[in-house]
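Examination of the molecular architecture
Letter by letter, the chains look like this.
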Amino acid sequence: ASVAEPVTNVPSRMQNLEEADRLVDQSPAQALALMEQILEKDPHNALALYGRARSLDSLAEVERSNARLEQSIFAYRAVLDLEDQVDDQLYHKSALRCIDRMRFRGFHGKAIRIQQRLVARFPDDIEYQNQLAVGFLLTNQPEAARTILEGVLNRWPNSGFAQVHLGFILKTTYDDYDAGARWMMAGIASREEGVIDGRFYSHLGDALTRLGKHEEAQRIYADGAKEGVFRSHDQRSLYNVDRLTAQPWWDKEATTYGPFFDLLEANWRQIRNEGVALLTLESPEGFANESEKLRDSGDWKQFELFAQGRKNAAHCIKAPVTCTLIENYPPALCKRGQVKFSIMHPGTHVWPHTGPTNCRLRAHLGLVVPSGAKLRVGNTIKSWEEGKFIVFDDSFDHEVWHNGSSYRLVLIVDLWHPELTTDEWQSLAPI
Ligand code: LMR
Ligand code: MN
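Criteria and cut-off values
- Residues numbered from 1 in each chain as written.
- Chains lettered and ligands numbered in written order.
- Predicted model: local features only at pLDDT ≥ 70, side-chain atom pairs only at ≥ 80, totals over all residues.
- Heavy atoms only, no water.
- Helix = DSSP H or I, 4+ residues; strand = E, 2+ residues; numbered from the N terminus.
- Expected span 1.5 Å × (residues − 1).
- Buried < 20%, exposed > 50% of the residue type's maximum accessible area, 1.4 Å probe, protein only.
- Contact = heavy atoms within 4.5 Å.
- Polar contact = N/O pair within 3.5 Å; in protein donor to acceptor, adjacent residues only side chain to side chain.
- Axes fitted to C-alpha atoms, helices over the stretch in contact; angles between N-to-C directions.
- Parallel < 35°, antiparallel > 145°, perpendicular 65-115°, else oblique.
- Nonpolar A, V, L, I, M, F, W, Y, C, P; charged D, E, K, R; others polar.
- Pairing = 2+ DSSP bridges.
- Donors = N, O, S within 2.8 Å, 3.2 Å for Na, K, Ca; no water.
- Near = heavy atom within 4 Å.
- Areas by Shrake-Rupley, 256 points an atom, 1.4 Å probe, with all protein chains shown as cover.

**Quick notes on helix α7 (residues 126–138)**
- With 13 residues, α7 extends 19 Å between its outermost C-alpha atoms, agreeing within 8% with the 18 Å of an ideal straight helix rising 1.5 Å per residue.
- Buried within α7 we find Y128, Q129, N130, L132, A133, V134, G135 and F136.
- The secondary structure elements touched by the buried residues of α7 are α5 (88–105), α6 (108–121), α8 (142–155) and α9 (160–172).
- Backbone nitrogen of E127 and a side-chain oxygen of the N-cap are separated by 3.0 Å at the start of α7; the cap is D125.
- Of the residues flanking the end of α7, it is N140, one or two places downstream, whose phi is positive at about 60°.

Below you can see the structure in the form of structure tokens.
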């Protein structure tokens, strides 16, 4: 009997496995039980381990359960732990699904360790290395991504995917506009999958602008519009709702928010007093330097009152009148915008840039307005007036200068684009 057993058992186990495999999608709980039966006798059976992972994966979706999802993640990893006992195809399938589920669960660091195992097992596969670099970027490790991409480009100098990503990192992390622009330019020209992307066109144009190559930058923006990554050459936001009216400047009345603007304008002195008082507080730590590297020169700081439609309570205590006026007006509680005091000192130049979304309009209430400060949106330059709003769409190219001799203070209020419905206010992801 002891000799005969494996001979009769193996085919029946194989049969079970096929049966179990068919069951995974229809009845994952049953499939799981069958897989576990097989594994009890044959714990290193790669197909059964994989089947177990797939069953748990299905169950996680049915039950909408994170605990199940985590079990499935560990089950996929158990397939990988078989190392040489699992064939390349199954290893590859398990690893990709494992990474996908880890990212879905927010386990980005764990996902990277699986990606590193893929690179180690398949060292000649460029795709795994490029994807590992993306993993490092997603986890905010641009230095590590850079190292991988430089290795890829040493071996595969024409990888457009590696080129755009390396250029992006050199531009955004290392402020190397020259090398960054050259790599992004080359990468885009390859037209490989993944390179025709608004982020690359946008940072390439910006790098060229900062290098003084304005005509080249304009050509890149025009190309981006032609490729459909931008709504137009001048409107380069990346998170858009397509049907919305698009124009650089808005008439206050045309926004439908006229009564709100009137109310704040009627109270502008109190708003100004709150802003000015903040500036002279003993610890003005609430004013933060503008954080997106938009400043060419000078000094430009912001005091945030609302972000993504939520009140900054600690800050609002210090500007109660302003915050109450905002809070009582739902269109100004825009999840894709902010409300903030913005102070700009003489000698400031803000590089041309665009906001992230076309879903908001940006209104500026002039509070302290010396001469010499001006704002270009699209092709039109305007200035502020104390106690008056100006309204623009910051998804359009805009640029700011302050060449006066004392500070300029404005209240910035982002409002939902008037053509969005209140359902869309709910459903659009915050920015
Ligand atoms: C901007 O929104 O980019 C600027 O106009 C902000 C400011 O303070 O002028
Ligand atoms: Mn801006």
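**Topic: the packing of helix α14 (residues 268–280) against helix α16 (residues 320–327)**
- One can describe the packing of α14 onto α16 by two numbers: an axis separation of 8 Å at closest approach and a directional angle of 125°. As the angle between them shows, α14 and α16 are arranged oblique. Taken together, the residues of α16 that come into contact with α14 (itself represented by Q270, I271 and E274) are P320, V321, T322 and L325.
- For the contact of α14 with α16, the per-class residue count stands at 4 nonpolar, 2 polar and 1 charged.

**Some thoughts on the pairing of strand β8 (residues 360–368)**
- Most of β8 sits inside the fold, with 9 of its 9 residues counted as buried.
- Looking at chain direction, β8 and strand β13 (residues 408–416) are connected through 8 bridges and run antiparallel. Paired with R362 across the bridge in β13 is D414.

**Section: the coordination of the manganese ion (ligand 2)**
- Coordination of the manganese ion (ligand 2) by the protein comes from H353 (NE2) and H398 (NE2), over a distance range of 2.2 Å. Taken as a pair, H353 in strand β7 (residues 348–353) and H398 in strand β12 (residues 398–402) lie far apart in primary sequence, 45 residues in all. Summarising the burial analysis for this pair, H353 and H398 share the class buried.

**So, the site of ligand 1**
- If you check the shell around ligand 1, you find W300, S342, H353, R362, H364, L375, H398, V400, R408 and I412 and nothing else.
- Within the side chain of H398, an N or O atom sits 3.1 Å from an oxygen atom of ligand 1.
- Notes on ligand 1: free accessible area 270 Å², of which the protein chains cover 98%.
- Breaking the shell around ligand 1 down by element, the ones donating at least two residues are β8, β12 and β13.
- Looking at side-chain class alone, the shell around ligand 1 contains 4 nonpolar, 4 polar and 2 charged residues.

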